[in-house]
Every structure is written in C-alpha cells, then in structure tokens.
There are 4 protein chains.
Amino acid sequence: MSEKFALRGVVPPVVTPDLPDHTVDVASYERLINRMLDAGVHGLFFLGSTGEVAFANDAHRDQIVREGIRIAAGRVPILVGCIDTETDRVIEHAKRAQELGADGIVVTAPFYALGGLTEIEEHFRIIHDEIDLPIFAYDIPVCVHAKIPWKLAIKLGQDGVIAGVKDSSGDDVNFRYLVQANNKAGHPLSLLTGHEIVVDGAYLSGADGSVPGLANVIPEPYVQQWDAFQAGDWARVKELQDQINEVSHIFDVTSGVVGYAGGVGAFKTALNLMGIIDHDTMPRPVRSLEGANREAIAQVLKDNGLL
Amino acid sequence: MSEKFALRGVVPPVVTPDLPDHTVDVASYERLINRMLDAGVHGLFFLGSTGEVAFANDAHRDQIVREGIRIAAGRVPILVGCIDTETDRVIEHAKRAQELGADGIVVTAPFYALGGLTEIEEHFRIIHDEIDLPIFAYDIPVCVHAKIPWKLAIKLGQDGVIAGVKDSSGDDVNFRYLVQANNKAGHPLSLLTGHEIVVDGAYLSGADGSVPGLANVIPEPYVQQWDAFQAGDWARVKELQDQINEVSHIFDVTSGVVGYAGGVGAFKTALNLMGIIDHDTMPRPVRSLEGANREAIAQVLKDNGLL
Amino acid sequence: MSEKFALRGVVPPVVTPDLPDHTVDVASYERLINRMLDAGVHGLFFLGSTGEVAFANDAHRDQIVREGIRIAAGRVPILVGCIDTETDRVIEHAKRAQELGADGIVVTAPFYALGGLTEIEEHFRIIHDEIDLPIFAYDIPVCVHAKIPWKLAIKLGQDGVIAGVKDSSGDDVNFRYLVQANNKAGHPLSLLTGHEIVVDGAYLSGADGSVPGLANVIPEPYVQQWDAFQAGDWARVKELQDQINEVSHIFDVTSGVVGYAGGVGAFKTALNLMGIIDHDTMPRPVRSLEGANREAIAQVLKDNGLL
Amino acid sequence: MSEKFALRGVVPPVVTPDLPDHTVDVASYERLINRMLDAGVHGLFFLGSTGEVAFANDAHRDQIVREGIRIAAGRVPILVGCIDTETDRVIEHAKRAQELGADGIVVTAPFYALGGLTEIEEHFRIIHDEIDLPIFAYDIPVCVHAKIPWKLAIKLGQDGVIAGVKDSSGDDVNFRYLVQANNKAGHPLSLLTGHEIVVDGAYLSGADGSVPGLANVIPEPYVQQWDAFQAGDWARVKELQDQINEVSHIFDVTSGVVGYAGGVGAFKTALNLMGIIDHDTMPRPVRSLEGANREAIAQVLKDNGLL
C-alpha cells in the first residue's frame, strides 16, 4: 500500500458464506474469493453491508476478516467495514481490523442517535486521530439515515482525514459534484460507486472504481467494464452494463421478501445454485429464499447462460 | 421479580454522567440515581437511548450497568437496554445484562440492514428462545427506522415472547390501539410510554407506566402524576403535565444544535447547573452545550424555580 | 358568527356521497348531514380531505359546498376546505367559498413546490390579507409533507392571521405544546384535533374540539364524549373513546387497499351498509371496496350493534 | 407531430418570467424562448414545476401557455404540464391544454390523497381514455411523494396509455432499468431525464433526451451535448456536462433559502442579471433572492464568462 491509499478499479463487497450453524463456511469462502481474484478484481471489501457486518457478533466478524485476509493472501488491497453506531464503538472495530491486517477501513456516518453534520465531521476526525489506517467514508443513507454531502467529503479529504468515499447513497447528482470537486482539489479521494446497476454512468463522470455486490456472482463483466473504461471504449462500457443488468433481475423476480432477504438473499441463492457456495444460509433473523423465489432466480441465471 | 414481569409506574431512562475521560462519573451517578429513587420512581432503565447506549463501547456499557445496579441496590426493578443492529449482536449484550443482574432487557427492532415485519418478529422470537429474561420491545422508529405495529406486539405478548412495550414511536393512535387490544387479551403486556410531554394522555388511555427522560431532572412531578392517576384525579394529572412541560422547554430554547446534542445535552446541562452531576461531558462525537445555549437552559430552570 | 370565530365542539369533516356519475348524491347527502346535526354536532367541515376536496374539480367542489350549506340551513357554523397547491390557487377557492356562504375556511401549508417556514408563514399572511373570513390552519403533513410548528401557529394566532388549527399531524407532542402556548397567549386560537382515535387525550390536554371523520358513521358517541368532557367526567370520556375505537376497526380489517381507498372507502362502505348513503361510489381514480373487504366491514358494524 | 409522439433531444422546462403584478412578463418571455429556440432546443415544456405550474391560478396558467405557444410559433413540439392533485382536476387542465394547442401533456402521479400503484395506474388510464393527446408521465416523487416504478411505466407504454416519461425522480437505477426494458419492448416510450447535472450518464444509458431547467440559462451547451451524444463523442458529452455543472453552482452558493426559492430563484436571478428577463419576481408566497445571495450568483456567472 502506498502512502496515499489510491484504490482504483473493481472492489467487490464480499458475501460471507455461512454454515448452517452461522459460522463462516471456509471452503465456500475460498471458492468465492479465489474466483473473484482470478477474474481480476482490484481489491476486496470484507464486512460490508453485503458481508453481514450488521448481523455478525464480534467473534464472527473476526473470523470473517481473518479467513478472508488469509485467502486473499496479499494479492489485492483489503478494506474492512468497521460499522457500528457511534465513534467509540467504531474505534474498537477499527483497532481489531488493524490487528487483523486490513489495508483500509470503511466507516459510515454515525447512526441510531440523531445528529447533524457537526457530529458526522467530528466522528471521522476522531477516528482518523486514533487509527492509523486510511478511512473510506461509506455514504449509505438507506442504512444510517444520514447523508454525507460532497462539500463535507471534500473538506475531509483535503484535510487528510479520509482517503476515499464508497458511495451507496443513490444520489448521482451529489456523486457527480463530488467527482468534479475532487478533481479540482487535486484528487485527494478515491471515489468508488456502490451502485452496481449504473457503474457506466459513474465511470463516465470520472469515478475511481466500483464496489459492486453483484461481482460476487459475475466478476468478469465488471473487470472487463473497468478495462473498457480505461481504454475509453464507452460503447463497450455501456454494453457490459446492459448485460450485467440482465443478471441483476435476480433482485426483482422474487416476491414476499424485502430488503436484505431479497438482496443478499438473491446473491446467496444464485451462488448456491451455481455451485460456488455450499449453503444459502442467511444470518439471523433473515430467512433463506425458498420455493418459487429460488426457481425464479434459477431462471434468470439460465436466461443469462449462468446455469 | 414475579413470574410475569408486570412493571408499572415511572421508570426513568437514566442519564449516564461522564467524566471528562468518557468513563462513568460514579459520584454524580450516585447522586442522580439516589435522587430519583428518593422521589419514588418505580424502576430504572439503564442503557436507554438517553443513557448513551449507542455511544458506549462494551466496556463502558458494562461499567454503566454494573455501577447502576450497585447504586440501585435492589430498591426497584432494573431494565437494561440491549441495543445493537441485529439478533446475534443483541444476544451478546443480553447475556452480559443477565450476568450483571438485570431484571429485564429492552430490545429494539433490528436496524441498519433493511427488513420487514417477518424479520422483526423472528428477531424477538430468537432472543426470547435464547435469553431467560423478560423482554421489553422498544418501539423507536426515529432511531431504528422501523415500526412495531400493535398487532405484532399483541401477538408476541400473547405468545409470551415479550413482557412489555416501551413506546417511543410518537404514534399515539397505534399506542391507543395497543392498550385496548392488550386489555382484551388479558393484559399480557406492560405498556410504558416514552413520551414525557404527553404522559397524561397515555395514562388516560390506560398505559401501565412511563419512561420519561425528563424525570432525571424533575422526578417528583412524574411520581406525583402517577399517584394522581392511581387516584383517578385527572385534573391533577393534567396540571402536573402542564408544569412538567414548562420545564421541558429546555429542549427548544437552544439553537444551532440538533438531535442528541439538544436532547440529552439539555438534560446534562440542566443537571450540571442544578449541581446534581459534576460535568456536562457528552459522549463522542457530540459536543456539550455552551454559551448562550447553556444560559437559555439556566433561564428555563430559574423560571420554574429549579435554580 | 362572532367577531372572533371561536369554534368549539365536534365538527365532522363531511363525507361527500357520490352518484355513479361522480356528481353529488343529494338525497344521501341530506340524510348524512341531517343525521349528524340531529345528533348534536357543533359545526360541519365541507371539502376536507375526507370530503373529496383533492378529487373534485371546481364545479364539483361548488356543488358539494352549495348543497351542504343549503342542507345545514344555518344550524351550525360551516367550514370549507380551500385546498390547493400554492397561494394564488388557494385564494381562488377562498373567494368562491365566501360567495357560497362559508363561515370559515380551512387552508393547508403550501404543497407540491418545495419550501420552508418562510413560505408557510407568508402563505397564510397573504391569504389573510386578501380574504375576509376566519382561517383555520390545516396541519396535515401526511398529505402536504410540511409541518406547521406550534411556535409558528401561535405567532399567526397572536397576529390575528389565523383563527384556529385543525391538527391532523399525528404529532401529539406538538399539539400539547400548542394548547399550552395558546392558553398562555390568551387563547387566540380554536384548536381542533383531527385524530378521531385519541380525542380523549386531546380533550384532557385542553383541545377546543375535534374533527372526527368517523363521526359521519357514529356521530352520537362523539357528541356524548364532548358533553362528558364539558362535565369533567374523564372516565366517561375515555370509555366512549374505547367504544368509538372498536368501530374504527373498519379501517384495519380490509386488505389489499391503501390510503384513501381504505380510509374514506371504509366510511362509504359502512354508511352504505347502514342505509345512510345510497352508493359507495369513490372518486376517480379510487375504487370502491368489494367482496371480502365489504364483508369484513359489515362484520365490524354487526359486532358493534350498528347493523 | 407524428402518430407516435417520439420526442427526442433537449426540451427545456421553460421558466415563467413574471411582472411585479404576477402576470406574465411577455417581453421577457419572448427573449427567453427565442434564445432557447435559436440555440437549437428540440422542444419546449410549459407549466413544468420550473414554470410555476403549482403557483399559477387557472387564468395565469392559460396566459403562460397561450403566450408560450404564440412565441414558439410551431418551431418545436410543445409539452404542457397538467399538474393537479387527482384525476378529474387533471382532466380539466388537459382539456384546456388541448384547446390552447399543446402537442403533448405532462402528468404526475396523483397527489395529496394517499394511494398506491393501483390508483397511479388507473389515473393514467382514465386520462388517456378521455384526452386525445400524448401523455408524458412525470415521475417526481420529491413533489408528489409517490414513485412510478419502471415496470408500471413499461406496462402503460406497451398499452399505449403513455407516450413517454419525464424522470425527475433522482433514482438513476430505476431510470436505467426503464431504458433497458423500453428497448426490449420495442421502444414505446420517449424517455427524458430531468436531472440536468447528470445528463451525460443518462445519455450513456440510452435516454431519448433531457429536460434541463438550467437550459433556460445556458441552452447552447445542452444542445452541443446532445449533438456530441448523437455523434458518439462521449469525452465531449462528459466535458460539456462538467462545464454545465460549474454554472449549476448558482444552486448552492445561496444561504438561508430552501426549495423553490433557491432553485427557480437562482434561474430568475441569473436570467435577470444576464439581461434576459426584466424582473426576478417570484410567485407568491416565494420571495426573490436578494443581497449576498444575488451577488453570489453573479459571481458564479462571472466565473463562467456569462456576465
């Protein structure tokens, strides 16, 4: 890792395969991670929202990171999600991530207690003061119910507090302003989009990379899309996104499920159907997809030549 | 504690006094708790939203509960907040609360990951299966962004999964339906309102008690109001609420602060001004109220004969 | 009407019975209105949210008000909803209401275009300057997505801009502050609650009256509840609310319908089943309740001796 | 206009210049419209959110459309916003638009009354049945608080109910799915983005055009961007967006104003400073930008060579 942690490219948030007893399914984890690294992804993000961070207790979190870093074996930089409600709790996770060998940490705005921009800014400044790892600000209002505005992100970047932003805000206008302001400020931040369905537009705007959950299922097209972006082949960037999005209908062919059950549930069901992970076990209290929902996902995979 | 944990009366969510180093200020904690017990409150709730649960790391949480239970010394039943994102994380806190001597635990709907009623119901059922303590469902959508509907609460009560509800939802219509349905179902639940400004209306509807943060500052009127309710003296119940609400303007005389900084910040500033706690230290990343805000709160206290 | 329009008591928002061709069903309207007046209601509110104001075009709105005022025949004061997006459009409706004989008008915060408190305040001030009728501020964030805070309402009341507030905000804390501040200010405002399920609590807090949609179906208990309030018989106020709320389950026994279809749809279905209105026709694009939903409402009415 | 109203290109929502008496400033309107047509825009949209539709009473709306169509003089297709709460009110506006010579109408999901997808679908179907003009569905949740999902839009397009979508939803994922589904369905819909800051990404995804309010101030770059898109010159499409976005900071250099006052207020202030419109008069109850806010906008214009 360089002095400045200038992460670029495709950095999937890694799904955590579970055994039926809710510990890490290590054999599946190895297949999943090695398949993505073989496809050429440029980094890995453990303990993201996709990686069950909110569900895993501390021992389980440790296992997810330890095994993941062991499997990755230094082939790419590793980000670790340090997700918790407020500053002092995040710092505990950050210290643990550092011990386990993370190259950078991912931190959301504080949540649960109500606050404003003052608290968000102070939160990142304190963590930066106490933790000696690059910090990616994880902008995910749908989970934390607060938005990190581009002006604050740039300020924190210029002050060296944060090294990048992982944008899962769904606010493409804010992201575009952030990219332009970052360029004008000398590019202090690595800007990664988490919106796997519109990566083409984010690349056109000048993003530094993407964090697509769907790359767990189909890593190659995302890597090819990155290469096409680097080559300036925009028709190809768009065409690959169109292909990717056909597979993404695993999210919307299910019924009777909402949120995590339908999102990460679709990933696990697809990966299990494709033989990459051995169980579709979901973290408590979420149930696995079954019956018609499982069949509908299988059909999407067949229609796209993945089964 | 009886077989059925039928908590009734005034159960303040206890403010956690901090030393400047962000550990518990034990001397202040003793004054605060003893003052409320001397006033006659009927229970204490540690590690509520008011009690810094979202800010304290695990060691700090332990200290808050251990010292609180030591000070209370068995005089009233003790509720402990086991607040975390999802099921397995909550269970860790619940086990710790049990070891430390809690009489009941307080658990919110799961948060951070998106879900629906299926996940909320399963969450409480799993915790009930694994933890041998009465569970109070903490309905606080402003923090967890999910609502526990009265029909689900009643179902969980009739099945013996939860022992009560602490309602901080701001949804007085839902609360009233809950009270009526609870009576029709044989009163399986203890129903406590967290809305300190409208306790009179909640009592009229038939609530079993209240969890007023403001009782940290003015415990006596809340106890007197409970006694008036038990005596059926509604004019007095209302009159006391009017007096209480005058003091509650400590929440709205500040400016430039939002959320926790203005809410619990007002409690700490008032308690500090009144000489009950030694420091107005707020948990990171929140700042203490200063200058004109502190003066404005002092003026409210003076206007109400508290300073 | 007195100089100061001090409306007190039960003021139902009148349901608009429709013929199948979506004009006013005058015969049904007469039965509905006369039944409420015979029961002793203290005012009538035409063109509320319940009264189809958002659905009726201008000619239809005129017919609703003209026929309503003719039927009421001066027996009680008449409020007319002048609901439209922004100031100049509201003023057109207000002029028409005045021509048709309204005693007061009901006006929401501006909606559709985004604004803040500055625009809300200016909106009411302009309307007051141009219209010579008492104005009730209609606080209904669920429809207009803006809240009228109690401090602004009091300011507008003290300046003589508004004569009252019809609170459908679901924010019982704000309402209680409003009642207390109104008393301290010399009672410039008539404060009416629109929350038919918790009228007892609103009366205990000191409300001047209620605007219960459910009084279209069961006017007597609301009038009796008002009388009990005036007599200080709080046990009776609460008991009547309990009885009312049993009937209110017509709102939650339906399935597959949301919003207006389930709310005003339940009123029309109940009134039609009870023989008070001849058709359950709903305004376009809303459909009438059918089949199992209609039967479920019939069962609630039977259980409560209304069928 | 062809049988199928296949609108493509840049279709600005036209700002309505006001005289101080709040009627249309016709001389300014002529300069504004002619300047955009001279720059090569491909259509005009009167009575959009930007065009004061929510503020103008019916007589004012008529004047805005009549004068606009007179000035445009058949040079491009004309869309007219028929924005009102529910179906029958929208139909009144649609009939008027037809009489005044609109080529197509723009209709939102119903608002004010609460509903669901059933009501949204029925709303568009009824209007289509009764009005003989192409309908553009205006997806603007920030104003109407309901979202038109891509699956519903495609269904309405395939059934010939709507001719296009004007997307101001801020939901780029939904828009991308809509574009792909539209292509697979044989392109029944003209898909226009209203997000002036990210038009480049929308074009890359395959949008049929844009509806940028900022084109009132700077029409040329948007037309050049469209031409670059048609030529497949993506670097130029992106570069022009970057330039456009620098000007767009007129939205965020103001302070103390929110919503319409800061958005359309910025347009009017800029157009007034540039000498294109004679007054910066805003519709009631909104105030014009003044003092430091006006100066800040002037500075943005100067920095971008527009003043």
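Residues numbered from 1 in each chain as written. Chains lettered and ligands numbered in written order. Predicted model: local features only at pLDDT ≥ 70, side-chain atom pairs only at ≥ 80, totals over all residues. Heavy atoms only, no water.

K.L.:
Please explain the overall build of chain A as it appears in this structure.
P.N.:
Looking only at helices and strands, chain A features twelve helices and eight strands. Its C-alpha radius of gyration of 18 Å places chain A within 12% of the 19 Å reference for a compact globule of 307 residues. Reported as C-alpha extents along the three principal axes, the dimensions of chain A are approximately 50 × 45 × 35 Å. Burial analysis of chain A (307 residues in total) assigns 66% to the buried set. Contacts spanning at least 24 positions in sequence make up 72% of the contacts within chain A whose residues lie at least 6 apart. Only carbon and sulfur atoms are counted for the fraction: they give 49% of the accessible area of chain A, which is about 9800 Å². When the 25 positive and 42 negative side-chain charges of chain A are each reduced to one mean point, those points stand 1 Å apart. (Helix = DSSP H or I, 4+ residues; strand = E, 2+ residues; numbered from the N terminus. Rg over C-alpha atoms; globule rule 2.2 N^0.38 Å. Buried < 20%, exposed > 50% of the residue type's maximum accessible area, 1.4 Å probe, protein only. Contact = heavy atoms within 4.5 Å. Areas by Shrake-Rupley, 256 points an atom, 1.4 Å probe, with all protein chains shown as cover. Lys, Arg positive; Asp, Glu negative; His and termini not counted. Charge placed at Lys NZ, Arg CZ, Asp CG, Glu CD.)

K.L.:
Where do I start with the interface of chain D and chain A in this structure?
P.N.:
It is common to report an interface's size as the accessible area lost on association of the parts. Taken together, the 27 residues of chain D in the interface contact 26 residues of chain A. Both sides together, the interface formed by chain D and chain A hides about 2500 Å², and carbon and sulfur atoms give 52% of it. Looking only at chain D, the three residues that lose the most surface to chain A are R176, Y177 and L204 of chain D, adding up to 25% of its buried area. The interface formed by chain D and chain A includes eight salt bridges. Between K151 of chain A and D252 of chain D there is a salt bridge whose closest N-O contact spans 3.8 Å. Our enumeration of links across chain D and chain A arrives at 16 residue pairs in polar contact (both at pLDDT 80 or more). Taken together, the elements giving at least two residues each to the side of chain D that touches chain A come down to α6 (150-158), α7 (172-184), α8 (199-205) and α10 (234-247) of chain D. (Buried area = accessible area lost by both parts, 1.4 Å probe. Salt bridge = Lys/Arg side-chain N within 4 Å of Asp/Glu carboxyl O. Polar contact = N/O pair within 3.5 Å; in protein donor to acceptor, adjacent residues only side chain to side chain.)

K.L.:
Got a minute to help me understand the interface of chain A and chain B in this structure?
P.N.:
At the interface, 45 residues of chain A touch 45 residues of chain B. Here chain A and chain B share an interface that buries about 3800 Å² over both sides, 57% of which is from carbon and sulfur atoms. Looking at the side of chain A facing chain B, the largest losses of area belong to R89, Y112 and R284 of chain A, adding up to 23% of the total buried there. A salt bridge links D84 of chain B to R89 of chain A; its shortest N-O distance comes to 3.4 Å. Of all the secondary-structure elements, those providing two or more residues to the side of chain A that touches chain B are α2 (58-72), α3 (87-100), α4 (117-130), α5 (141-144) and α11 (260-273) of chain A. Partitioning the side of chain A that touches chain B into residue classes produces 21 nonpolar, twelve polar and twelve charged. (Nonpolar A, V, L, I, M, F, W, Y, C, P; charged D, E, K, R; others polar.)

K.L.:
Looking at this model, I keep getting lost on the environment of R8 of chain B. Mind explaining?
P.N.:
All names here are of chain B. By secondary structure assignment, the location of R8 is in the segment before β1 (9-10). Judged by its relative accessible area of 40%, R8 falls in the partly exposed class. Sequence spacing of R8 and G43 is 35 residues, and the spatial spacing of their C-alpha atoms is 8.3 Å. Residues within four places of R8 in sequence aside, it is in contact with H42, D208, W226 and Q230.

K.L.:
What is the right way to read the relation of the copies chain D and chain A from this model?
P.N.:
Mapping chain D onto chain A calls for a screw motion: a turn of 180° about the axis and a shift of 0.0 Å along it, with 0.0 Å RMSD after fitting. Seen this way, the second copy is the image of the first under a two-fold rotation axis. It is G201 of chain D whose C-alpha, among those of chain D, lies nearest the rotation axis, at 2.1 Å. By residue overlap, the copies meet face to face through one surface: 96% of the interface positions of chain D are interface positions in chain A. (Least-squares fit on C-alpha atoms with pLDDT ≥ 70 in both.)

K.L.:
Would you take a moment to explain the sheet that holds strand β3 (residues 78-81) of chain D for this structure?
P.N.:
An order of β1-β8-β7-β6-β5-β4-β3-β2 (chain D) is seen for the eight strands of this open sheet, with the pairing classed as parallel. Strands at the two margins of the open sheet, each flanked by one partner only, are β1 (9-10) and β2 (44-46) of chain D. (Pairing = 2+ DSSP bridges.)

K.L.:
Before we go on, may I ask you to explain the arrangement of the chains in this structure?
P.N.:
Taking C-alpha atoms as the reference, chain A and chain C come no closer than 14 Å and do not contact one another. Between chain B and chain D there is no contact, and the shortest C-alpha to C-alpha distance separating them is 14 Å.

K.L.:
How should the pairing of strand β5 (residues 135-139) of chain D be read in this particular structure?
P.N.:
On any regular strand, side chains alternate: one points to one face of the sheet, the next to the other face. Residue and element names in this part refer to chain D. Counting buried residues along β5, five of its five residues qualify, which places the element largely inside the surrounding structure. The alternating pattern of β5 places I135, A137 and D139 and F136 and Y138 on opposite faces, both of which are buried. With four bridges joining them, strand β4 (residues 104-108) and β5 adopt parallel strand pairing. The residue of β5 that forms the bridge with T108 is Y138. Since β4 and β5 lie parallel, the crossover through helix α4 (residues 117-130) that links them has a hand, and here it is right-handed. With four bridges joining them, β5 and strand β6 (residues 164-167) adopt parallel strand pairing. Within β6, the residue paired with D139 across the bridge is D167. (Right-handed = clockwise from strand over helix to strand, strands pointing away.)

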